[in-house]
Amino acid sequence: MNTVIDSAVTETLLYHEQTKHHFHRYARSAGFMDWANQPNPFRFYEGVTPVRLPLLQKDSAGEHLALYERSRNASQDFTRESIGAFLELSLGLSAWKSIPGSTWALRMNPSSGNLHPTEAYMILPALPGITAGVFHYSPLLHALEPRAEGSDTLQQQIKKHFHTDGFLVALTSIFWREAWKYGERAFRYCQHDVGHALAALSFSANLLGWEVTWLNGVSDEEITRVLGFDQTRWPEFEMEHPELLCFVHRSGEQAIPRDLSREIGTEFSGRGFQGRPNRLSDDHMDWEIISRVAEATAKPKHEEAALTVHVRHGLPESTRPFYTPPTQFKIPAAQIIRQRRSAVAFDGVSSITKDQFCTMLDKTLPRDACAPFDLGLTVPAIHLLLFVHRVTGLEPGLYFLLRAERDLPALQQKCHRHFLWSPVDETLPLYLLQAGDFQSTAASVSCGQSIAGESAFSLGMIARFRAEIETAPYRYRHLFWETGMIGQALYLEAEAQGVGATGIGCFFDDPVHELMGLSDDAFQSLYHFTVGGPREDARLATLAAYHHLEAAAR
Ligand SMILES: Cc1cc2nc3c(=O)[nH]c(=O)nc-3n(C[C@H](O)[C@H](O)[C@H](O)COP(=O)(O)O)c2cc1C
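Residues numbered from 1 in each chain as written. Predicted model: local features only at pLDDT ≥ 70, side-chain atom pairs only at ≥ 80, totals over all residues. Heavy atoms only, no water.

## Focus on the environment of Met461
Mapped onto the fold, Met461 is located in strand S18 (residues 457-464). Classification of Met461 as buried rests on a relative accessible area of 0%. Put simply, Met461 and Leu386 are 75 residues apart on the chain and 8.7 Å apart in space, counted from C-alpha to C-alpha. Once residues within four sequence positions are removed from consideration, Met461 is found in contact with Ile382, His383, Leu384, Thr483, Ile486, Gly487, Gln524, Ser525, Leu526, Tyr527, His528 and Phe529. (Helix = DSSP H or I, 4+ residues; strand = E, 2+ residues; numbered from the N terminus. Buried < 20%, exposed > 50% of the residue type's maximum accessible area, 1.4 Å probe, protein only. Contact = heavy atoms within 4.5 Å.)

Have a look at this one:
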């Protein structure tokens, strides 16, 4: 192995080990909440004039399954209105919450600690009401902040390269936002959040008849240039890190190239970028290990074997019809997105049916022509270890959803010998490992959070780990993206079926592995999640998402 990759692998594995939570020791963090330096969750570019986007006056009529199935949504033109809808229903604000003395915004995409480290950028052609250019999206203003002008040449080159109309969207992370609260483990949370945001973009695009294709041939360095980050003066510790670049195009277009041409790269290098990023905190703590893992997991440019979209590694298509929820839960697709919230507590009694359970799990499997897993992240590498508590028709116990057949022999060999691996559903790769009451175990391994035991089911997302990192350390980030995408699908599906869900970033890593009988890092748990009957917090008042803009306009 070449020594550069070698040391990047070592650095990445070290980061992972060092940021594990243990029963008697949490990963290093400040250990207190430095409220005076809480980072601003909104980035602005000073010195530019934002271009306001219209808010949707009326949501599309598409029902629940329009979130997933591409065939259900007619393609809309690329206009200022449709770009506004795309961003509103993916990364826009969803509401404000308040208690006496404190008010905070929520968004369509969730975020650990509601700290929102993910920022989005758009590279748009000239559209009615928008000039071509590179823009930062401001969810607070629902506006585009212009950073660089586009040119006719660039526009033509993009169209020529992708053989079709469309635009580019990029996601970046501000590690400091999460590190402020979570210290060294923050890099993981930022990557989860990227996965959630990526799936949110894919779902929102789908409702407009568009498709998001991840450009997996592009390097982080190229994204830096495209976004003008190499020309931007960042406040210390608040730099944005390139995560990914996608091309958004009409659904069903075939053979979208998954890289950028040299000509496009050169055109971007010649642009002048404007605007000064706002300062998010007055003071910072330097979590040096985060800079090191970011460097170790930087993505190089290359022609991956995976330049074709890999789908159908889970279920063969159509073995299980998509579940249609009962009439009382027939919520329009856009409304499902708008009302998604993290449950802060579960009632400890509500159950779901086996059919609901299986169809929710089914939404986490890649299918052809279905959002979000057809955006081409690569062969699934994440499986679900399920703690089933309250699912009628299924005995409580430990279950496993195998998202890629390839890993079954290794898992069976590495997990406890007493696990049954008995199939429980003819349409899903779902296995019973061990019957029993796992409520207190689930809560205990999830940092003692009762939300993991009082739900209908909770789960740990188990990654095929060492083999992925050893060949390509940047895959470390992609594994977390995949978990975030699964989480986003589960959040929406839980809403569709009248229950609630919550992502769980705080869990004790090795106790989960011990529970499975794993003794090395061939597989690792990367993210937990819980779904069930939510208990509302009556103390919170809710305000409309964009009431502040309406008030300002009056
Ligand atoms: C990656 C991730 C990890 C999270 N971890 C936890 C957790 O450990 N415990 C918890 O109660 N909520 C957790 N949450 C839920 C967030 O606190 C929630 O998304 C945030 O407060 C915003 O609220 P919303 O999801 O209702 O928009 C997590 C969310 C994400 C996306």
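Now that the structure has been shown, we can carry on.
## Brief notes about the domain arrangement of the protein
What the domain assignment lists for the protein is domain 1 (63-303) and domain 2 (327-532). Its C-alpha centre places domain 1 at a distance of 26 Å from the equivalent point of domain 2. Contacts between the two partners involve 50 residues from domain 1, matched on the other side by 42 residues from domain 2. A buried area of about 3,900 Å², summed over both sides, lies between domain 1 and domain 2, and 61% of it is on carbon and sulfur atoms. On the domain 1 side of the contact with domain 2, Tyr68, His192 and Trp214 bury the most area, a combined 17% of that side's loss. At the junction of domain 1 and domain 2, the tally comes to six salt bridges. (Domains from an automatic or database assignment. Buried area = accessible area lost by both parts, 1.4 Å probe. Salt bridge = Lys/Arg side-chain N within 4 Å of Asp/Glu carboxyl O.)

## Points about the sheet that holds strand S5 (residues 118-124)
What the seven strands build is an open sheet, ordered S2-S7-S6-S5-S8-S10-S9; its pairing is antiparallel. Lying at the two open borders of the sheet, with one neighbouring strand each, are strand S2 (51-52) and strand S9 (210-214). Of the strand pairs in this sheet, S5 and strand S6 (residues 133-138) are connected by four bridges, and their pairing is antiparallel. Following the sheet pairing, Ile123 is matched in S6 by Val134. Helix-sheet contacts for helix H2 (residues 80-91) involve S2, S5, S6, strand S7 (143-149), strand S8 (167-173), S9 and strand S10 (241-250), and the interaxial angle to S5 is about 165°. With respect to the sheet, helix H14 (residues 475-496) is in contact with S9 and S10, its orientation differing from that of S10 by roughly 55°. (Pairing = 2+ DSSP bridges. Axes fitted to C-alpha atoms, helices over the stretch in contact; angles between N-to-C directions.)

## A short note on unusual backbone geometry
Cis geometry marks the peptide bond from Ala371 to Pro372, where omega comes out at -5°. Turning to its location among the elements, Pro372 is positioned in the loop between helix H10 (354-362) and strand S13 (382-388). Even without being glycine, Asn114 reaches a positive phi, approximately 55°. The residue Asn114 is located in the loop between strand S4 (102-107) and S5 in this model. Judged by relative accessible area, which is 25%, Asn114 ranks as partly exposed. In the Ramachandran plot, His163 falls in the positive-phi region, its phi being about 60° despite a non-glycine side chain.

## Structural notes on the pattern of salt bridges
Applying the stated criterion across every chain, the model contains 33 salt bridges. Residue Arg271 pairs with Glu267 through a salt bridge whose shortest N-O separation is 3.1 Å. Asp521 serves as the salt-bridge partner of Arg466, at 2.8 Å between the closest nitrogen and oxygen. A residue pair is termed long-range when its members are at least 10 positions apart, and Arg466 in helix H13 (residues 466-471) and Asp521 in the loop between helix H15 (509-516) and strand S20 (523-532) qualify at 55 residues. Here Arg466 falls in the partly exposed class, since its relative accessible area comes to 32%. On the accessibility criterion, Asp521 (17% relative accessible area) is buried. Through salt bridges with shared partners, a single network forms among Arg406, Asp407, Arg464, Glu468 and Arg475.

## Observations regarding the packing of helix H3 (residues 152-162) against helix H7 (residues 262-269)
Pairs of packed helices are described in terms of their axes, by the angle between the two and the distance that separates them. Contact geometry of H3 with H7 gives a least axis separation of 9 Å together with a crossing angle of 155°. Between H3 and H7, the crossing angle belongs to the class labelled roughly antiparallel. Here H3 and H7 pass one another in a crossing that is left-handed. When H3 is examined against H7, the residues Thr153, Leu154, Gln157, Ile158 and His161 are found in contact with a partner set consisting of Glu263, Ile264, Glu267 and Phe268. Broken down by class, the residue content of the contact of H3 with H7 amounts to four nonpolar, three polar and two charged. (Parallel < 35°, antiparallel > 145°, perpendicular 65-115°, else oblique. Left-handed = near helix turned anticlockwise from the far one by under 90°. Nonpolar A, V, L, I, M, F, W, Y, C, P; charged D, E, K, R; others polar.)

## Here we look at H10
For H10, the buried fraction is high: seven of the nine residues fall into the buried class. Every buried residue belonging to H10 is among Gln356, Phe357, Cys358, Thr359, Met360, Leu361 and Asp362, and all of these are buried.

## Brief notes about the pairing of strand S15 (residues 397-401)
With five of five residues buried, S15 lies mostly within the body of the structure. Across five bridges, S13 lies against S15 in antiparallel orientation. Note on S15: the bridge partner recorded for Phe387 is Leu398.

## Some details on the nonpolar core
Ranked by size, the top nonpolar core spans 117 residues in total, and within it Phe86, Phe357, Leu386 and Phe457 carry the most contacts. Counting residues per element, this core draws most heavily on H14, which supplies twelve residues. Summarising the domain contributions, this core has at least three residues from each of domain 1 (63-303) and domain 2 (327-532). Grouped together as the second largest cluster of nonpolar side chains are 28 residues, Cys415, Leu433, Ala452 and Val512 included. (Core = buried A, V, L, I, M, F, W, Y, C linked by side-chain atoms within 4.5 Å.)

## Some points on the environment of Asp374
In this fold, Asp374 is placed in the loop between H10 and S13. Separated by 163 residues in sequence, Asp374 and Glu211 have C-alpha atoms that sit 8.8 Å apart. Of note is the side chain of Asp374, whose polar atom sits 3.3 Å from the backbone nitrogen of Cys370. (Polar contact = N/O pair within 3.5 Å; in protein donor to acceptor, adjacent residues only side chain to side chain.)

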